[in-house]
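Residue strings, one per chain:
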Amino acid sequence: MGQFIQQLINGLTLGAVYGLIALGYTMVYGIIGMINFAHGDIYMVSAIISVTALTLMSAFGISSVPLVLALVLIIAIAFTSVYGWAVERTAYRPLRNASRLAPLISAIGMSIFLQNMVQVTQGARVKPVPTLMPGGIELFTHAGFSVHLAYTQIMICVITVVLMVAFTGLITRTSFGRQQRACEQDRTMASLLGIDVDKTISYTFMLGAALAAVAGVMVTVYYGVVDFSIGFVAGIKAFTAAVLGGVGSLPGAMLGGVLIGLIESYWSAYLSPEYKDVATFAILILVLMFRPSGLLGRPEVEKV
Amino acid sequence: MSAHAAQQSAGMALADKLKDALRIGLVALLLGIPMLGLTTVDQGGGLQVMTRWPLLAQFVGVVFFGRLILQWLVGHFHLRKLQRQRVAAKTAVVQERPWLKWLGAVALAFAVALPVAFSGNRYVIDIATTVLIYVMLGWGLNVVVGLAGLLDLGYVAFYAVGAYSYGLLSTLFGWGFWETLPVAGGMAALFGLLLGWPTLRLRGDYLAIVTLGFGEIIRIILVNWTDFSGGPNGINSIPRPSFFGLEFKPPGDTPTFASFFHLEYSADHRVVFLYYVILVLALLTHVFVSRLRRLPVGMAWEAVREDELACKALGINVTGVKLSAYAIGAMLGGFAGVFFAARQGFISPESFVFSESATILAIVVLGGRGSQLGVVFAALLLVVLPELGRDFSDYRMLLFGAAMVLIMVWRPGGLVARREPTIQIETAAVQGATP
Amino acid sequence: MIDTPLLEVNHLTMRFGGLTALDDLSLAVPAGKVTSIIGPNGAGKTTFFNCLTGFYKPTVGDVVMHHPQHGKLILNHLATHRVARHAGVVRTFQNIRLFPSMTVLENLMVAQYNTLQHASRFSLAGLLGLAGYRQAKEEALAKATTWLERLGLIDRANVAAGNLSYGTQRRIEIARALCVDPLLLCLDEPAAGLNPRESAELNELLLYLSREHGKGILLIEHDMNVVMRVSDQICVLNFGHKIAEGTPQEIQQDPNVIKAYLGEEEIEEASA
C-alpha cells in the first residue's frame, strides 16, 4: 500500500515532466505535421543551462529558493527558446516544401549535433547540482514503509498545473493561439487570410522549447544530476506520451505524460527496472495498433 | 531561408546585409552564451562556473562574417536560381544521363581493384569494408524507405538479429558463416514480418516512431537478457568465415588458406578476403534489388510510395506489398549483420544503437531515395567523413550531425535525385511532340 | 432491364456522425450501358462511389455485384483492394491520383500487378526470368500499349505521369483503370478540366467502352454535354436522396430535378 502510494507520487512527478515535453511535440506536430526530432535535445539543452544558472546563483550568493527558481526558469526559458527557434530555422524552414523525409533527416542531424555540441562544450561528465529544496513531508507510514512527498515534487506538480492552465489560455484565448490553430487546420488558407505562417511556426517551436525548458529545469532540480545524453530517451517517452494522449490534443499530451510516468514508476517498482523502457515502447506500439488516434485525439477520416 | 527572403537578398543593399548579419550574429550570441560563454566544471566538492568569453566572441564573429560572405555569394552567384533549376530538373521529363552509368562502372572497377591498389594498407581496406557494409545496409533499407516509402528508424534491429543469429549459432552450435547466412536472413525477415504485420497500416511518422521503439526494445533485451545474449558484454570469439573450409590462421595441423595456396601467412589475407566477401554480398544485393524493382512487386512498392489509395483502387493489396518490402529489407539487413559479426569476431549491444539506424537512414535519404548509386556516394561520405575527422575525434559526431543538416538543406532530393524507369517502350514520337 | 443488372445498390445509407451523406439510395447499374449520377455539389455523389468501391463502409444497406464468374458478391463486405481485384469494380478519382513520378507506362503496368505478380510466382519466376513470366509481361505490355494507343497516349508512354497536363492525366487515369479489366468502371468527374475537344473524345470513348466492350460505366459528372449525350440512364441526387431516375429526356423534363438542380436555362442549353 505504502509502496503503491509512493510510486503514485513519483509517477505523477515524472509524468508532469514528460507531459510538458509532450506538449511541445504535440504542438509542433499539429502545425507542421512532423515530429520535431530534436525536441528531446532541446530539453537536454535546457537542463544543462539550468545547471549553469543554478551554479551561477550560488556563486552570486542568491539563496532565496523562490527567487533562484524564478531566475533559473526565466534564464532557461529565454535561452532554450532561442534554441527552438534556431532548430526550426535551420532544419525545418528551408525544407518546407521538400518531401517529408528530408526535414526528418535534418532534424535527426540536428539532434545529433545538439547532443555532441553539448558534450564538446560542456563536457561528457555527469553534472551534479546541490539540492535546491531539500526535505519533504512524511505523509504516513504503513507496514514499515513511509510514504514521502518531497517539496520538489510538490513544486513540479504545482508549476505544471499552473503552466497547463496558462498555456490552455494562450492557445484558446489569444490571437496568437487563434493563428496557431488556424495554421494547424490549413496552412495555405491561413496565409491567404494574412497570417504570417512562418512566424507562427517559429513561435510554436519557441513555445514548445519553452515548455521543454521548464521540464529541463524541473528534472535538474528533481534528480540533481544531468548529462548531455538525457534528451534521447526522454524525448521518445514524451513522444509516446503525446501519441498515447492523441497527437494534436493538448490535454491529451498531459494525460499521456502522466500515464507514461505512472506506468514507468509502477513497472520499475513491481516488475523490472531494466525493462521499464521496453514497457513504454510496447505501450506505444499497442496504442498505435489499436487506437492510432490516441486517448483524446479525434479519429482521422481518410479523405478520398 | 525562405524563397521570399532569398529573392530579396539578391538585391539587398549593404546596410540591409549588415543588419541581417547583425541579427544572425545576435542569435549566435544568444545561442553561444550558455554553451560556449559559460560552462560548469567540477572542481572537487561542487560545480564552478567558468567563462570563455574570447571563445564566444570568436564564434559570434565567425557567424557574423560567415553570414556576410554567404549573402555575398547568394547575391553574386544567384545560388537560388540554380536551386530552382535543380528542383525543376527533378520533376522534369525522365532523361538519359549516361555518365551516371559510367560513374557506376568506374566505382565498381575501383572497388574490385582496391585491395590490390592498397595492398598492405590494412587501414584503407578496413574502411572500405565498413563502407561496403553501409552500402549493403543502405541498399537494404532503400527497399523499405526509398522504394516503398516506409519510414524505418529501427532498421538496426534487423542488423542486430542477423549479427546475433550468427554469433549464437556459431558459438553455441558451431555453425559456419555460409550456412548461417540464409538462416539469419530468414530470421531477420521473420522479425520484419512480425513487426510489420500489425504496424504497417500506420501513417508515416507513427511508423517511424514504432520502428524506433522496436529497435530500442531489441537493444534493451540484448543488454538485459544476459543468459541469452551475453548482456552488455556481448558475444566473444565468433569464428571468422573460411575460404571454402580453409581457415585464415597461421600454419598448423590442418591446411590453411596460406598453406593451401603456398603463400606466406599474412594477417592481411583475411582482411582482403573479408573485403571481397562483403563486396560480393553487396553486389548480389544490388543485383537482387535492381531486379526486384523491375518486377511487379518492385513496381508495386513504388506505386504504394506514390499513392496508397490509388493502389487500393487498382486492386493491389497494399499491406501485402508493404510487408514484402519490409521483409526483404529486413532480410538484407540480416545478411549484413551476419557479415558484421563475422568480421568483428565480437558483438555487443553497443553496435546496434539508434544512431546506427539514423546513419543508415541518412545514407538512403542523402543518396537520393531509390537511387542505388546515390547510396554508394552517401555511404562513402558518411563513413569517410568521420574517419577523416578522427584526428579531432571529439568533434566527429558534431560534424556528422551538422553535415546531415547541411547536406539535407542543400539537396533535399538527395545526391542522385533521379529515377530510372523500370520499363520503357519505343515510342515513335520523341518527347516534345504534339501536346 | 429485365435480366439481372451488373450492380445492385440496396437501401444504401451513409452517416458521418450526425450528417447523413446518403439516405436510403437504391440503384441498378446494367452492363454495357452508361449510368450517370448527377447532383449539386455535396449531394453525396463521391460518397456513393466511396461506398461502392470499398473506401467507406456504408452504415446501412448493401452493394451487390453480379459477377459473371464469381457470382454474387457483396462489395461492402470486401476489403478495398478486393473490390477491384475480385469484383472487377474499378474507379478513378475526382482529384486525379496517378503515380506521379512513375512513367505513364509504369502506371499502366502497376494496374496489372495482380496478374503479373501471379505470373511471377511471388517474384521467383520473375527473378529467374522464366518463360511463363516473360510471356505474361509481354501480354501486359501489349494490353497497356493497346489502351495507350486507343486513348492517344502512346507518345507519352515513357514520360513521368506527374509532368503531363491535366487533361492528359485524366486520360491516363482512365487508361490505367482499364488495364485492370474492370466489369464496372466508375469515373468520378472525368470531364472536369477538359477542353471541348477532349471532352468530345471522352464521349466517344465512353460509348465505345460500353457498346463495344460491354463494360458497365458509372459516371459522376457535372458537364451536361457529356452526361446528356452518353448516358443511358441518369440518377439525380440531392442531399443524399435520390430525387429522380430515368433516361436523359425524362430527367430533363422532371420538375423535381429542375427545381433542385438544373435550372431552366441549362436545360435548354443541354437539349440544344
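Residues numbered from 1 in each chain as written. Chains lettered and ligands numbered in written order. Predicted model: local features only at pLDDT ≥ 70, side-chain atom pairs only at ≥ 80, totals over all residues. Heavy atoms only, no water.

### A short note on the overall build of chain C
When helices and strands are counted, chain C shows 12 helices and 10 strands. Here the C-alpha radius of gyration of chain C, 19 Å, is about what a compact globule of 272 residues would show, namely 19 Å. Each principal axis of the C-alpha distribution contributes one length, and for chain C these read about 65 × 40 × 40 Å. For chain C, the share of sequence-separated contacts (at least 6 apart) that also reach a separation of at least 24 residues comes to 66%. As displayed, chain C has an accessible area near 11,200 Å², and 51% of this comes from carbon and sulfur atoms. Computed over 24 positive and 29 negative side-chain charges, the separation of the two mean positions in chain C equals 10 Å. (Helix = DSSP H or I, 4+ residues; strand = E, 2+ residues; numbered from the N terminus. Rg over C-alpha atoms; globule rule 2.2 N^0.38 Å. Contact = heavy atoms within 4.5 Å. Areas by Shrake-Rupley, 256 points an atom, 1.4 Å probe, with all protein chains shown as cover. Lys, Arg positive; Asp, Glu negative; His and termini not counted. Charge placed at Lys NZ, Arg CZ, Asp CG, Glu CD.)

### Points about the overall build of chain A
Along chain A, the regular secondary structure elements total 11 helices and 4 strands. Over its C-alpha atoms chain A spans a radius of gyration of 19 Å, differing by no more than 12% from the 19 Å that the globule rule assigns to 304 residues. Taken along its principal axes, the extent of the C-alpha atoms in chain A is 65 × 50 × 35 Å. Within chain A, buried positions represent 58% of all 304 residues. Counted over contacts in chain A with a minimum sequence separation of 6, partners at least 24 positions apart contribute 76%. (Buried < 20%, exposed > 50% of the residue type's maximum accessible area, 1.4 Å probe, protein only.)

### Some thoughts on the UniProt feature "transmembrane region" (unreviewed entry) in chain A
Feature annotation in UniProt assigns "transmembrane region" (unreviewed entry) to the following positions: residues 12–35, 42–62, 68–86, 98–118, 150–171, 203–226 and 238–263 of chain A. Between the end C-alpha atoms of residues 203–226 of chain A there is a gap of 27 Å, over a span that is 88% helix and 8% strand. (UniProt positions renumbered as here; feature names shortened; annotations may be inferred.)

### Focus: the confidence of the model for chain C
Of all residues in chain C, 94% have pLDDT values of 70 or greater, and the mean over the chain is 88. The ipTM, which scores confidence in the relative placement of chains, is 0.89 for this predicted complex, and the corresponding pTM is 0.84. (pLDDT = per-residue confidence, 0-100.)

### What about the packing of aromatic side chains?
Residues and elements named next belong to chain A. One pass over the structure, following the stated rule, counts 22 aromatic pairs over all chains. Taken together, a centroid distance of 5.2 Å and an interplanar angle of 50° make the contact between Y92 and F205 tilted. Of this pair, Y92 sits in helix 3 (residues 65–92) while F205 sits in helix 8 (residues 197–223), and the two are 113 residues apart along the sequence. What makes Y92 buried here is its relative accessible area of 2%. Judged by relative accessible area, which is 3%, F205 ranks as buried. (Phe/Tyr/Trp six-rings, centres within 6.5 Å; stacked < 30°, edge-to-face > 60°.)

### Notes on the domain arrangement of chain C
Often the size quoted for an interface is simply the accessible area lost on bringing the parts together. All names here are of chain C. On domain assignment, one finds that chain C holds domain 1 (1–88 + 182–271) and domain 2 (98–180). For domain 1 versus domain 2, the distance between C-alpha centres works out to 27 Å. Put simply, domain 1 and domain 2 have 1 salt bridge between them. Among the salt bridges present, the one from E204 reaches R150, with a minimum N-O distance of 3.3 Å. On inspection of domain 1 and its partner domain 2, the count reaches 3 residue pairs in polar contact (both at pLDDT 80 or more). Elements with a contribution of two residues or more to the side of domain 1 that touches domain 2: helix 2 (80–85), strand 7 (184–188) and helix 8 (196–212). For the side of domain 1 that touches domain 2, the element with the highest residue contribution is helix 8, accounting for 7 residues. Here the side of domain 1 that touches domain 2 is composed, by residue class, of 11 nonpolar, 2 polar and 7 charged. (Domains from an automatic or database assignment. Salt bridge = Lys/Arg side-chain N within 4 Å of Asp/Glu carboxyl O. Polar contact = N/O pair within 3.5 Å; in protein donor to acceptor, adjacent residues only side chain to side chain. Nonpolar A, V, L, I, M, F, W, Y, C, P; charged D, E, K, R; others polar.)

### Focus: the sheet that holds strand 8 (residues 216–220) of chain C
Backbone-to-backbone hydrogen bonds join strands into a sheet, with any given pair of strands oriented parallel or antiparallel. Residues and elements named next belong to chain C. What the 6 strands build is an open sheet, ordered 6-7-8-3-9-10; its pairing is mixed. In this open sheet, the two strands that pair with only one neighbour each are strand 6 (89–91) and strand 10 (241–246). Mean inter-strand twist for the sheet, computed between neighbouring axes without regard to direction, equals 20°. In this sheet, strand 10 lies alongside strand 9 (residues 233–238) in antiparallel orientation, the contact comprising 5 bridges. What sits directly across from N238, in strand 10, is H241. Taken strand by strand, helix 7 (residues 166–178) contacts strand 6 and strand 7, and its axis lies near 160° from that of strand 7. (Pairing = 2+ DSSP bridges. Axes fitted to C-alpha atoms, helices over the stretch in contact; angles between N-to-C directions.)

### Observations concerning the interface of chain B and chain A
Every contact between the two is made by 57 residues of chain B and, on the other side, 66 residues of chain A. Linking chain B to chain A there are 0 salt bridges. Between chain B and chain A we count 8 residue pairs in polar contact (both at pLDDT 80 or more) in total. Those elements that place two or more of their residues in the side of chain B that touches chain A are helix 2 (14–37), strand 1 (38–42), strand 2 (47–51), helix 8 (177–199), helix 9 (204–224), helix 14 (308–313), helix 16 (354–367) and helix 18 (396–410) of chain B. Sorting elements by how many residues they give to the side of chain B that touches chain A places helix 9 of chain B first, with 11 residues.

### Observations concerning the sheet that holds strand 5 (residues 71–74) of chain C
Residue and element names in this part refer to chain C. Strand order in the open sheet made by the 4 strands is 2-1-4-5, with antiparallel pairing throughout. Strands at the two margins of the open sheet, each flanked by one partner only, are strand 2 (19–29) and strand 5. Taken pair by pair, the neighbouring strands of this sheet meet at an average axis angle of 20°, ignoring direction. Where strand 4 (residues 60–67) meets strand 5, 4 bridges bridge the pair, whose relative direction is antiparallel. Bridge pairing in strand 5 places M65 opposite L73. On the sheet, helix 1 (residues 45–52) packs against strand 1 (7–16), strand 2 and strand 4 and is oriented at approximately 115° with respect to strand 1.

### Re the pattern of salt bridges
Tallied over the full model, the rule gives 22 salt bridges over all chains. Notably, a salt bridge pairs R93 of chain A with E88 of chain A, separated by 3.5 Å at the nearest N-O pair. Taken individually, R93 of chain A and E88 of chain A each receive the classification buried, so the pair is uniform in this respect. Between E106 of chain C and R419 of chain B there is a salt bridge whose closest N-O contact spans 2.9 Å. Taken as a pair, E106 of chain C in helix 3 (residues 104–110) and R419 of chain B in the segment after helix 18 lie in two separate chains rather than in one. Accessibility expressed as a relative area gives 16% for R419 of chain B, which makes it buried.

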